[in-house]
Amino acid sequence: MTQAAPILQTTLPYTAAMQLAEAGCSDSEIAAVTGHRTLQMVQKYRAGANQRRLSRRAQDRRDRT
């Protein structure tokens, strides 16, 4: 398994939050890294990560048929 590059302060918060959500981090962990003070924004990123995961799963199923 390759190690991901560290998330730097110059990384866009959206990118950092999406990567952390996709990695399975909790909302509190994501907020600690991105600096978000409300869970509402973190949950927005988690929803985006969930949508990407579901999209990949659906496409994988399509490819197997």
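A. Region of interest: the packing of aromatic side chains. Counting across every chain of the model gives one aromatic pair. Note on Tyr-14 and Tyr-45: the rings are 5.6 Å apart at their centroids and 70 degrees apart in plane angle, and the pair reads as edge-to-face. Here the residue Tyr-14 occupies a position in helix H1 (residues 13–22), and Tyr-45 occupies one in helix H3 (residues 39–64), the gap between them amounting to 31 residues. Classification of Tyr-45 by relative accessible area gives buried; the value is 8%.

B. Structural detail: the nonpolar core. In this structure, Ala-17, Met-18, Leu-20, Ala-21, Cys-25, Ile-30, Ala-31, Val-42, Tyr-45 and Ala-49 together form the largest nonpolar core, which totals ten residues. Those elements that place two or more of their residues in this core are H1, helix H2 (27–34) and H3. Ala-31 has contacts with His-36 and Val-42, leaving out every residue within four places of it along the chain.

C. Molecular detail of H1. Of the positions making up H1, those classed as buried are Ala-16, Ala-17, Met-18, Leu-20 and Ala-21. Lining the buried residues of H1 we find H2 and H3. Gly-24, located one to two residues past H1, shows a positive phi value of around 95 degrees.

D. Geometry of the packing of H1 against H3. It is at 8 Å that the axes of H1 and H3 come closest, and there the two elements cross at 55 degrees. With respect to H3, the element H1 is oriented oblique. Classified by chirality, the crossing of H3 by H1 is right-handed. Along the contact surface, H1 presents Tyr-14, Ala-17, Met-18, Ala-21 and Glu-22, while H3 presents Tyr-45, Arg-46, Gly-48, Ala-49, Arg-52 and Arg-56.

E. Expanded view of H2. Within H2 the residues assigned to the buried category are Asp-27, Ile-30, Ala-31 and Thr-34. Projected onto a plane normal to the axis of H2, the buried residues spread over an arc of 100 degrees and lie on a single side. Residues of H2 that are exposed and angled more than 90 degrees away from the buried face: Ser-28 and Ala-32. One or two residues past the end of H2 sits Gly-35, with phi positive at roughly 85 degrees.

Basis of the calculations
Residues numbered from 1 in each chain as written. Predicted model: local features only at pLDDT ≥ 70, side-chain atom pairs only at ≥ 80, totals over all residues. Heavy atoms only, no water. Phe/Tyr/Trp six-rings, centres within 6.5 Å; stacked < 30°, edge-to-face > 60°. Helix = DSSP H or I, 4+ residues; strand = E, 2+ residues; numbered from the N terminus. Buried < 20%, exposed > 50% of the residue type's maximum accessible area, 1.4 Å probe, protein only. Core = buried A, V, L, I, M, F, W, Y, C linked by side-chain atoms within 4.5 Å. Contact = heavy atoms within 4.5 Å. Axes fitted to C-alpha atoms, helices over the stretch in contact; angles between N-to-C directions. Parallel < 35°, antiparallel > 145°, perpendicular 65-115°, else oblique. Left-handed = near helix turned anticlockwise from the far one by under 90°. Arc of directions from axis to C-beta.

Just distances and angles here, no functional claims.
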